[in-house]
Each structure stands twice: as C-alpha cells, then as structure tokens.
Amino acid sequence: MVMTLDEATRRATARQDLCSQVKQLLVDRLSLDVDPQAIGDDQPLFGRGLELDSIDTLELAMAVEDTFGVTVTDDDTQSLLSLNRLVDHIEGARA
Amino acid sequence: MTGQPLSAPARAVLTADEIARLLPHRHPFFLLDRITALEPGASAEALKNVTASDGVLAGHFPGRMLYPGVLLVECVAQLAAVIYGSAAAQSSTGDLVADVADRVGYLAEIRQAKFMKPVFPGDQVVFRAQSGPRLGGLISVNGQASVGRELVMTARLAVTELDQP
C-alpha cells in the first residue's frame, strides 16, 4: 500500500512528538542533568550513551508503563537499547 | 478504666517464627512482628510494635527516643522479601512458608522516601507493600507505614531476589 504524502507527514510528526515525550520522560523520571532535546534518537541509553544503569532500567520501564500504559518485560529488553527502539516498542504496543 | 476499648491486633497470617523461615535476618535486625495480610508475589501487610526496650532506641536518641526512619524503610524491604519469598515457597511446596531465606537478595534502590511523622515507643506501625514491575532481576516495591490513621512514611524501593542461591 502506498502512503500519501499527507499520511506520511502525519505519521512522521506523531513519531517526532512521541520521541520528544519519551526524552522528557527520561530526563524527568531519571533526574538526568541533560537537555531532553540534546538526546539523539539513536543514542544508546546505556553504557557510552546516556550511561544509565540496570536500576534506571526498572525506573524507565515503570515510567513507560505509567505514562503510556505499555509494559516492558525481560522479553523486551532490546527495546531499551536506544530511544528509537523504545519508541518502536511503544508504537508497536499501542498499534 | 476509661477511654475507648482497645481493638485486638489483626490476626496473624504469618507469625514471627514463620517470617523467620522466609527471611535470613535475625536479632537485632529481624524487624517485623506479624504478617496480617499476604498475597504471595503481589502484596502484604505487617505489624511492628515499637518498644522502648529495642536496643536501637538507646542510642536514637538518649532522652528523645524515636524509631529511625531508615529502619522503617528496612521494614518495607523485609516485607518485600516476605512477598516474593512466600511466592517461592508456594510454588515449590504449596505452602506460604518454607525455608527459602537464601533467596533474599539485596536492597538496590531507595527512591522517594518520605517521612511524615516520627514514630515513638508504644506505637504500633502497620506496613503495607505492593510489588510492581520486575525487570532484569530487579523488583520494584511501593511501601508505606502508618500509625493509627496517620501515614508516617512512604517509599519506593528496588530489591533483588536470588534465583539460584
């Protein structure tokens, strides 16, 4: 199915809005000392990226559940590797 | 005798001796007196009677005894261990209690602990804890403590459980 330009634009805007919401959520719930807009969409959340640890993972999973009603379990831990993957997970669960 | 008749303490779902089979903690760090409600793996309620004979009150503080807030948090952590220990006992034996104390892991995080009122000798503290999401071996726990109708402490914790001790 070919997507119309309007539909593609609408989806891209919704995706960008969701990315911004998740970045703000990360900063607020994990008390990060960074500007949410400075977080790259493909930036790793752990290790050399935002340097989150496993305890932050649990908090992030709770924040995503509280805010978006989407659960993150041990089967979904790949979705916590980057912001884009996390947003993919949220979008997939809401679809 | 004057005043309101005292209500009887809530009936024990688990006695102190039974709690001791679920926890590795012992005197002076065995803190819960009785479990009064229990849904294994999900939630629990416990009683603790604070008494002037508790050795910790001799030093906290001389002439102004009050129960340490950090020990209220520890009570919630021990109650969390009862929640998941009883779930492990139930899945392995069918009973709420078994010798599963070696499964108790570590306190990994204390988040948003608030202490609203001091707790004094003579107070009976009711603790309630609910287990939340689990991820990567970590278990989130919401806990609160109250004396009478007054909330005295709330805290969110992360704890760990050892699957293969």
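Everything that follows concerns the structure shown earlier in this document.
Everything numeric here is computed off the predicted structure, so don't read it as measured data.

Draft legend 1. Seen up close, the pairing of strand β2 (residues 43-49) of chain B. Residue and element names in this part refer to chain B. Most of β2 is tucked away, with five of its seven residues classed as buried. Summarising the sheet, strand β1 (residues 34-39) and β2 pair through five bridges and their orientation is antiparallel. Bridge pairing in β2 links I35 to A46. Where β1 hands over to β2, the hairpin turn is made up of three residues, of which G41 adopts a positive phi near 80 degrees. Bridging between β2 and strand β4 (residues 124-135) involves seven bridges; their strand directions are antiparallel. Paired with E45 across the two strands is R128, which belongs to β4.

Draft legend 2. The packing of helix α1 (residues 5-29) of chain A against helix α2 (residues 54-68) of chain A, seen in detail. All names here are of chain A. As a packed pair, α1 and α2 sit with axes 10 Å apart at the nearest point and diverge in direction by 130 degrees. Relative to α2, the element α1 lies oblique. Between α1 and α2 the crossing geometry is right-handed. Two secondary-structure elements touch here, α1 through L18, Q21, V22, L25, L26 and R29 and α2 through E59, L60, M62, A63, V64, D66, T67 and F68.

Draft legend 3. A look at unusual backbone geometry. Between H27 of chain B and the following residue, P28 of chain B, the backbone shows a cis peptide bond with an omega angle of 10 degrees. If you trace the backbone, P28 of chain B turns up in the loop between α1 (16-22) and β1. Not every positive phi belongs to a glycine, and S31 of chain A is a case in point at roughly 50 degrees. Considering the arrangement of structural elements, one finds S31 of chain A in the loop between α1 and α2. With a relative accessible area of 60%, S31 of chain A lands in the exposed category. Of note, E51 of chain A is a non-glycine position whose phi angle comes to about 60 degrees, a positive value. Within the fold, E51 of chain A resides in the loop between α1 and α2.

Draft legend 4. Representation of α1 of chain A in the model. Residues and elements named next belong to chain A. The first and last C-alpha atoms of α1 sit 36 Å apart over 25 residues, in line with the 36 Å expected at 1.5 Å per residue. Along α1, the residues that are buried comprise R15, L18, C19, V22, K23, L25, L26 and V27. Where the residues of α1 are buried, they touch α2 and α3 (83-94). Where α1 terminates, the next one or two residues include S31, which has phi positive at roughly 50 degrees.

Draft legend 5. View of the interface of chain B and chain A. Facing 12 residues of chain B, the contacting portion of chain A comprises 15 residues. Carbon and sulfur atoms supply 63% of the area buried between chain B and chain A, which totals about 1100 Å² over both sides. Taken together, chain B and chain A are joined by two salt bridges. One salt bridge in this structure joins E59 of chain A and R156 of chain B, with 2.6 Å as the shortest N-O distance.

Draft legend 6. Spatial organisation of the pattern of salt bridges. Per the counting criterion, the structure on display carries 15 salt bridges over all chains. As a salt-bridge pair, R15 of chain A and D88 of chain A come within 2.6 Å of each other at their nearest N and O atoms. Of this pair, R15 of chain A sits in helix α1 while D88 of chain A is found in helix α3, placing the two residues 73 residues apart along the sequence. Two residues, R15 of chain A and E91 of chain A, come together in a salt bridge whose shortest N-O distance is 2.9 Å. Of this pair, R15 of chain A sits in helix α1 while E91 of chain A sits in helix α3, and the two are 76 residues apart along the sequence. Within the structure, one salt-bridge network assembled from shared partners comprises R29, E59 and D66 of chain A together with E109, R111 and R156 of chain B.

What counts, and where the lines are drawn
Within each chain, residues carry numbers counting from 1 in the order of the written sequence. Here every chain gets a letter starting at A, and every ligand a number starting at 1, in the order they are written. In keeping with the predicted nature of the model, local features appear solely for residues at pLDDT of at least 70, side-chain atom pairs appear and are counted solely at 80 or more, and the whole-chain, interface and lining totals rest on all residues. With hydrogens and water stripped out, all remaining heavy atoms of the structure feed into the side-chain values. Whether a residue is buried, partly exposed or exposed follows from its accessible area with a 1.4 Å probe, protein chains only, as a fraction of its type maximum: under 20%, in between, or over 50%, in that order. Going along the chain from the N terminus, every DSSP run of H or I of four or more residues is numbered as a helix, and every run of E of two or more is numbered as a strand. In this analysis, strands are considered paired if DSSP registers two or more bridges between them. Simply put, an axis is a line fit to the C-alpha atoms, just over the touching stretch for a helix, and the angle between two N-to-C directions goes from 0 to 180 degrees. An angle below 35 degrees is read as roughly parallel, one above 145 as roughly antiparallel, one from 65 to 115 as roughly perpendicular, and any other as oblique. Crossings are classed by handedness, with left-handed meaning an anticlockwise turn of the near helix from the far one by less than a right angle and right-handed meaning a clockwise turn. Should any heavy atoms of two residues lie within 4.5 Å, those residues are considered in contact. Given the number of residues in a helix, its expected span is that number minus one, multiplied by 1.5 Å. Buried area: the accessible area, evaluated with a 1.4 Å probe, that two parts lose upon being put together, summed over both parts. Definition used for salt bridges: Asp or Glu carboxyl oxygen within 4 Å of a side-chain nitrogen of Lys or Arg.

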